[in-house]
Amino acid sequence: MYGLKGLGGALACLTLGFALIAPAHAGWPEKPVQLVIPFAPGDTDQMLRPITERMGQYLGQPIVMNYKPGAGGGIGAAYTASAAPDGYTIVGSSPGALVVVPLANKEMKYTTESFAPVVAISLGGMMIVASGKSKYKTLADVVADAKARPDGISYGTSGAMGISHLLGETFASEAKVQLRHIPFQGSTPAVTALLGGHTDIAVSAVGPAQAHIQSGALRPLAIFSSKRLAAYPDVPTLRELGYDVGSPTLYGIVAPRGTPPQLIDALYQAARKVVADHGDEVNKTLGTIGAEISVLSPQDYGAYLQEQRALFSKAISLIRE
C-alpha cells in the first residue's frame, strides 16, 4: 500500500517537466528551512536526506537538519509543535516521535494532531539483530533462551516507549517471554551498544545496522514488516515466524499545525519534483540502508499516521496491562 506505487499518484505518472516550485507565500522561503531530526545522527536523517537535500534546490533555500534527540524523539517533536507555523521549522520522523511518544507519555506537550502532515518520503523497516558472534542464529534461539532465563536477555532500542520499544515488547508478549529493555537515544547508539557487547540483541531501524550486517558484525534475525525487504530477501518477517507484529514504517515530514496550506503544498511538490528528476539515484542511495522511495501526499500521509495511532494505541494498552 505504501510502496513505489504509492498514494497521491504513481511515480510512473510523474513527469520530468515540473517547473521550479512557484512562490507559495509572499517571500517564502527567504531563509533556510529547519528540518528537526528528533534522534541522534545515523538513523532518521539517512532516511530523509536523499530527498530533503535536493528539495532545497527547487525551493530556492536549503533544508538544514537540526538534531534534537531525546525522549524517544519527543524533545524534537515537541520543539517543532511549539514553533511558529511559518514554514521555517518542520520535523522528520517515523511514527515513533509523531505518534507513539505522545500516546505513551501524557506529559508531552503535543499530540499527533499538533502537526500538519507534509509528505511521506521513504519506506524502511525495523529488525531484530544479534551480534555476529552471538549464539543466536535464529529468532527461535532467542525465544528458547528467553524462556529458559526470564528477564535474562537484554535488548536495546532507540528510546523508552518509542516505536522500537513497543515493537520489542509486543514481540515479547506474542512469544510469551520476558526481555529486559535498555533504551538509547536512537538506533545508532543501540547498535553501537550491541556491537560492544552491552546488550544481547537490539530492535533497530535497518539503516544503522546495515553496514555491520554486511561486514558480518551483526546478524539479522527477523524484520518487523508486512513483507520481506528487497535488500534482505533471506530474512523472514515476524509474521512469517508466527508473531502478529509489524507494519510498514514510513519516514516523513510534518509541520506545526496551522502552517499555511500553500507552504505545505510547496514542500510536497518539491519532494515530488526530486523523485521525478532523481528517483533512480535516490532509490539507489536508500537501497544502501535497506529502504526505498515512498512519497505520499499530505492527505494520504495523514491517513497513514492515524492508522499508526490506532495500531500503537493497542500496543501501549497491551504493555500497560
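Computed from a predicted structure; not experimentally measured.

Thoughts on the pattern of salt bridges
Under the counting rule described, the total for this entry stands at eight salt bridges. A salt bridge links Glu-281 to Arg-54, with the shortest nitrogen-to-oxygen separation between them at 2.7 Å. You can see Glu-281 sitting in helix 8 (residues 261–287) and its partner Arg-54 sitting in helix 1 (residues 44–59), a full 227 residues away along the chain. A relative accessible area of 44% means that Glu-281 is categorised as partly exposed. We note a salt bridge from Lys-273 to Asp-277, for which the minimum N-O separation is 2.6 Å.

Notes on the confidence of the model for the protein
For the protein, mean pLDDT is 89; residues scoring 70 or higher make up 91% of the total. When the criterion is pLDDT under 50, residues 3–23 qualifies, and its contacts beyond four places in sequence or with other chains add up to 41 contacts.

Brief notes about the sheet that holds strand 11 (residues 292–296)
Here we have six strands laid out as an open sheet, ordered 2-1-3-10-4-11, and mixed in their pairing. Each end of this open sheet is capped by a strand with a single partner; those strands are strand 2 (63–67) and strand 11. For this sheet, the mean angle separating the axes of adjacent strands, direction not counted, is 25°. Relative to strand 10 (residues 249–256), strand 4 (residues 115–124) is paired through eight bridges, and the arrangement is antiparallel. Its bridge partner lying in strand 10, Val-119 is registered against Ile-253. Sheet strands in contact with helix 1 are strand 1 (33–37), strand 2, strand 3 (89–93), strand 4 and strand 10, and its direction is about 150° off that of strand 2. Together, strand 3, strand 4 and strand 10 form the strand contacts of helix 3 (residues 95–104), whose direction differs from that of strand 3 by roughly 85°.

Description of the sheet that holds strand 6 (residues 154–157)
Read from one edge to the other, the open sheet built from five strands follows the order 7-6-8-5-9, with strand pairing classed as mixed. Taken across any chain shown, the strands that pair with only one partner, and hence form the sheet edges, are strand 7 (180–183) and strand 9 (218–224). Across the sheet, the axes of successive neighbouring strands diverge by a mean angle of 30°, strand direction being ignored. Against the sheet, helix 5 (residues 163–175) makes contact with strand 5 (126–131), strand 6, strand 7, strand 8 (201–205) and strand 9, and its axis sits at roughly 150° relative to strand 6, the strand it touches most. Sitting on the sheet, helix 7 (residues 206–215) is in contact with strand 5, strand 8 and strand 9, with an inclination near 120° to strand 8.

Regarding the packing of aromatic side chains
Per the stated rule, a full pass over the model turns up four aromatic pairs. Where Trp-28 meets Tyr-88, the ring centres are 6.4 Å apart and the plane angle is 55°; that geometry is what we call tilted. Here Trp-28 is found in the segment before strand 1, whereas its partner Tyr-88 is found in the loop between helix 2 (74–81) and strand 3, with 60 residues between them in sequence. Just as Trp-28 is buried, Tyr-88 falls in that class too. Here the basic side chain of Lys-31 rests over the ring of Tyr-88, its NZ or CZ set 4.7 Å away from the ring centre.

A closer look at the pairing of strand 1
Burial runs high along strand 1: five of the five residues are buried. Across the two faces of strand 1 the burial is the same, with Val-33, Leu-35 and Ile-37 and Gln-34 and Val-36 all buried. Taken together, the five bridges between strand 1 and strand 2 define a ladder with parallel strand orientation. Directly across from Ile-37, in strand 2, lies its bridge partner Tyr-67. At this point the chain moves from strand 1, through helix 1, to the parallel strand 2, and the crossover so formed is right-handed. With three bridges connecting them, strand 1 and strand 3 associate as parallel partners. Within strand 3, the position partnered with Gln-34 by the bridge is Thr-89.

Rules behind the numbers
Residues numbered from 1 in each chain as written. Predicted model: local features only at pLDDT ≥ 70, side-chain atom pairs only at ≥ 80, totals over all residues. Heavy atoms only, no water. Salt bridge = Lys/Arg side-chain N within 4 Å of Asp/Glu carboxyl O. Helix = DSSP H or I, 4+ residues; strand = E, 2+ residues; numbered from the N terminus. Buried < 20%, exposed > 50% of the residue type's maximum accessible area, 1.4 Å probe, protein only. pLDDT = per-residue confidence, 0-100. Contact = heavy atoms within 4.5 Å. Pairing = 2+ DSSP bridges. Axes fitted to C-alpha atoms, helices over the stretch in contact; angles between N-to-C directions. Phe/Tyr/Trp six-rings, centres within 6.5 Å; stacked < 30°, edge-to-face > 60°. Lys NZ or Arg CZ within 6 Å of the ring centre and 35° of its normal. Right-handed = clockwise from strand over helix to strand, strands pointing away.

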